Amino acid sequence: MRTRTLVSVLFLFSLLFLLPDQGRKLHANAEDSSDEVSDPPKVEEKLGGHGGLSTDSDVVHRESESISKKSLRSNAEKFEFQAEVSRLMDIIINSLYSNKDIFLRELISNASDALDKIRFLALTDKDVLGEGDTAKLEIQIKLDKAKKILSIRDRGIGMTKEDLIKNLGTIAKSGTSAFVEKMQSSGDLNLIGQFGVGFYSAYLVADYIEVISKHNDDIQHVWESKADGKFAVSEDTWNEPLGRGTEIRLHLRDEAGEYLEESKLKDLVKRYSEFINFPINLWASKEVETEVPAEEDESAEEETETTSTEEEKEEDAEEEDSEKKQKTKKVKETVYEWELLNDVKAIWLRSPKEVTEEEYTKFYHSLAKDFSDEKPMAWSHFNAEGDVEFKAVLYVPPKAAHDQYESYYNTNKANLKLYVRRVFISDEFDELLPKYLSFLKGLVDSDTLPLNVSREMLQQHSSLKTIKKKLIRKALDMIRKLAEEDPDEVHDDDKKDPVDEYLMQYLMDYEDKKFQNVSKEGLQVGKDSKVKEVKEAFKELTKWWKESLASENVDDVKISNRLADTPCVVVTSKFGWSANMERIMQSQTLSDANKQAYMRGKRVLEINPRHPIIKELKERVASDPEDESVKETAQLMYQTALIESGFILNDPKDFAGRIYNSVKSSLKISPDAVAEEEVETEETETSEEATETKSDDLPGGLNIEAEPVEEETPTKDEL
């Protein structure tokens, strides 16, 4: 054993003498070949030959310099932000909004949406998921403290070059303008996700952002911007291939250093994104104990070769056994690995008894993208069993959505997410709830509906009708219970019930009895055999009256069979807004005037042929259709009917003037008579008024009388 040790030491010494000489030879060879053109390795060679990703070392160097300086790449295609997007980004960048934490929840929410889309496509084509890590549907968060970069990556559907340009810059979504207006009025950035522009919240903490994305139908591209009114898109030839999906790199501002702490990110995911349906992993550090060889003090001994004896051989064998059992010690070292941050089971899969009120509230905030401090007014969590099995959670929001009325007739607007066996299908199924319940938010997960069919076929599935019926019943029970628990709710049997205008527009029948709106035309009340004769008798009057109201945009003047004691009434066309609905829409802060003009029903004046006023008008028009007093009376009656029918007058001053003229006529006052001019009179004050001050004019109720001043007669000497 000692002999082998001596040989090993001599071999090591010989190597030490040889290495410097080899180093000098290598250096000399490098100098000799310095004039030869070398071919540096391509990035694609290092990355495994990924198609479309190739560059040389100079390009890599230039790109790294560009990133370090946070400037747009020179070879990128430059664009300007759409005007509304620029306004939005200016507001965000210059915002004094204190809760900057919202950026992470918005980016995670967008990543979840992208994963939902690719998973839905995979139902009919499994090849879209790819293989290996690319097929893993997850969200990854990674930190680079040295470069101050926070990365959020998903393996979702990804974006093409066109998508990057359209979605992140040039074409503003409808929510952009609405959010800008909301911000200017309330300054609450917390609602940004509800407007579909949550991506831009990243500029709360970053001054330079890169979006790397790979779609199955395109090569990998990079979108980048410093939020200075411009952005750039270029082919990605330097980053690691994503396979599929999107990675957002935030180059954090100096004051946003807290978001480079793992504990901060864990807290934000726990608070805002706990119920995201995909794994959220953080590249986190932790300390582990490992065993390493123990260091032993070695003393150099010079050994001489001696003849081995039997005793020495036994000693060598014992030393070999001890070397096999080498001494070790435990030390702590830092290692990095992916840590799962959202391991909570989906709420709707749990028993309602196991879910706390706080969890329901947090799930609502995540579902509705409403992260205000307000709790939902009510919720209903239930399991339906039978021919159609499904689980559902329904919420009544704490307040109406910002676009509740504007998006009422939007067929793609729905607040219920549909899942089939825990797989997200769509949030555009307006068949699940009727329009009058479209303000509810929630989720439905069915085990009965098929997975491998198109969305159009799923909409026609018979099970949807059963699901809809049960959802409506549960929703109405929830709302009824909410009303019963409201202390402000008035329970008065004698009081006539406030009918919901929205509900009655779509509640066409009940128990085979059809509803008719008495404020709209086409009302049928019994049968009148003489209706044709009456219409013919009043034909001249109705024609004359319609021509007289041409400036009022009256669509028609008709004979009515609904009136008893009233001379006339104004109704609207069958498919337009009623007077009540028109008044509701005009009172909305963000109402759309163009849509109001389109939806406002055409007005129809219906007259009562049995009323004495109408009969007298008929005679007057027959004798002299150009009589101005008759025209004035017809106009006044129409305006009075407008008010009585619930409409708002366009010109109240004109109506008031006609009323005053009517009063003059009834009092037999000339219509040309005007108010007399005011005569100015000078008031003279008496001596008593000049010398006496009333008590109510002085503080403390004092009554002070002035003493009379006596005139003094001058003496002779004074004269």
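Residues numbered from 1 in each chain as written. Predicted model: local features only at pLDDT ≥ 70, side-chain atom pairs only at ≥ 80, totals over all residues. Heavy atoms only, no water.

Where an unreviewed UniProt entry is consulted, the protein appears under the name Histidine kinase/HSP90-like ATPase domain-containing protein, with the organism given as Brassica rapa subsp. trilocularis.

> Provide a residue-level description of the overall build of the protein, including the pertinent values.
Of the regular secondary structure elements, the protein holds 21 helices and 21 strands. Total accessible area on the protein stands at roughly 45,400 Å², and carbon and sulfur atoms take up 48% of it. (Helix = DSSP H or I, 4+ residues; strand = E, 2+ residues; numbered from the N terminus. Areas by Shrake-Rupley, 256 points an atom, 1.4 Å probe, with all protein chains shown as cover.)

> Break down the packing of helix α15 (residues 539–548) against helix α19 (residues 628–644) for me, with residues and values.
α19 packs onto α15 with a crossing angle of 80 degrees between their chain directions and a minimal axis gap of 10 Å. Here α15 is positioned roughly perpendicular relative to α19, judged by the angle of their axes. Side by side, α15 and α19 meet where Trp544, Trp545 and Ser548 of the first sit next to Val630, Lys631, Ala634, Gln635 and Met637 of the second. Split by residue class, the contact of α15 with α19 holds 5 nonpolar, 2 polar and 1 charged. (Axes fitted to C-alpha atoms, helices over the stretch in contact; angles between N-to-C directions. Parallel < 35°, antiparallel > 145°, perpendicular 65-115°, else oblique. Contact = heavy atoms within 4.5 Å. Nonpolar A, V, L, I, M, F, W, Y, C, P; charged D, E, K, R; others polar.)

> Provide a residue-level description of the packing of aromatic side chains, including the pertinent values.
By the definition in use, this model includes 16 aromatic pairs. Plain terms: the ring middles of phenylalanine 199 and tryptophan 223 are 5.6 Å apart, the flat faces sit at 80 degrees to each other, and that makes the pair edge-to-face. Here phenylalanine 199, found in the loop between α7 (174–186) and β4 (206–214), pairs with tryptophan 223, found in strand β5 (residues 221–225); they are 24 residues apart in sequence, far enough to count as distant. For the residue pair phenylalanine 199 and tryptophan 223, the accessibility class agrees, reading buried in each case. Taken together, the ring pairs connect Trp348, Tyr360, Phe363, Tyr364, Trp379, Tyr395 and Tyr419 into an aromatic cluster. A cation over a ring is seen here: arginine 105 above tyrosine 272, with NZ or CZ 5.3 Å from the ring centre. (Phe/Tyr/Trp six-rings, centres within 6.5 Å; stacked < 30°, edge-to-face > 60°. Buried < 20%, exposed > 50% of the residue type's maximum accessible area, 1.4 Å probe, protein only. Lys NZ or Arg CZ within 6 Å of the ring centre and 35° of its normal.)

> So what about unusual backbone geometry? Which residues, and what values?
Even without being a glycine, lysine 148 presents a positive backbone phi close to 55 degrees. Judged by relative accessible area, lysine 148 falls into the partly exposed class, the value being 29%.

> Quick rundown of the pattern of salt bridges? Include the residues and the values.
Tallied over the entire structure, the rule returns 27 salt bridges. Across the pair arginine 620 and glutamate 616 runs a salt bridge, and its minimum N-O distance is 3.0 Å. Placement of both arginine 620 and glutamate 616 in helix α18 (residues 612–623) is noted, with a separation of 4 residues, approximately one turn of the helix. Relative accessible area serves as the criterion here: at 41%, arginine 620 is assigned to the partly exposed category. Because the salt bridges share partners, they merge into one network encompassing Asp101, Glu258, Lys264, Asp267 and Arg271. (Salt bridge = Lys/Arg side-chain N within 4 Å of Asp/Glu carboxyl O.)

> Run through the sheet that holds β4, naming residues and quoting values.
Note: strands within a sheet are paired through backbone hydrogen bonds, in either parallel or antiparallel orientation. Strand order across the open sheet formed by 9 strands is β1-β6-β5-β4-β7-β3-β2-β8-β9, with mixed pairing between neighbours. The outermost strands of the open sheet, each flanked by one partner alone, are β1 (77–80) and β9 (328–340). Mean inter-strand twist for the sheet, computed between neighbouring axes without regard to direction, equals 20 degrees. Here 4 bridges tie β1 to strand β6 (residues 230–235), and the two strands are oriented antiparallel to one another. What sits directly across from phenylalanine 79, in β6, is phenylalanine 231. Here helix α8 (residues 262–272) sits on the sheet and contacts β2 (139–144), β3 (149–154), β8 (280–293) and β9; the angle it forms with β8, its principal contact strand, is near 135 degrees. (Pairing = 2+ DSSP bridges.)

> Summarise the pairing of strand β10 (residues 378–384); cite the residues concerned and give the values.
The buried fraction of β10 is high, at 5 of 7 residues. Where β10 lies against strand β11 (residues 390–396), 7 bridges are found, and the strand directions are antiparallel. Each residue of the ladder has a partner; that of serine 380, found in β11, is leucine 394. Count of turn residues in the β10/β11 antiparallel hairpin: 5 residues, of which glycine 386 carries a positive phi of about 130 degrees.

> Outline the environment of threonine 640, supporting the account with residue identities and numerical values.
Looking at the secondary structure, you find threonine 640 in helix α19. Taking the relative accessible area as the measure of exposure, threonine 640 reaches 36% and is therefore partly exposed. The sequence separation of threonine 640 and valine 570 amounts to 70 residues, and the corresponding C-alpha distance is 9.5 Å.

> Go over the confidence of the model for the protein, please, and point to the residues and values.
Averaged over all residues, the pLDDT of the protein is 76; the fraction at 70 or higher stands at 69%. Low pLDDT (under 50) marks residues 15–56, which in the prediction has 24 contacts with non-local residues, meaning those over four places away or in another chain. (pLDDT = per-residue confidence, 0-100.)

> Please give an account of the nonpolar core that cites residues and values.
Generally speaking, nonpolar side chains in soluble globular proteins are found buried as a group. Ile141, Ile209, Trp223 and Leu250 are the most contacted members of the largest nonpolar core, which has 59 residues in total. Ranked by residue count, the leading element in this core is helix α5 (residues 102–121), at 9 residues. Not counting chain neighbours up to four residues away, the residues in contact with isoleucine 141 comprise Leu104, Ile108, Leu150, Ser151, Ile152, Leu265, Val269, Ile280, Asn281, Leu282, Trp283 and Trp338. Formed by 29 residues, the second largest nonpolar core is a distinct cluster that contains Ala378, Val396, Leu437 and Leu440. (Core = buried A, V, L, I, M, F, W, Y, C linked by side-chain atoms within 4.5 Å.)

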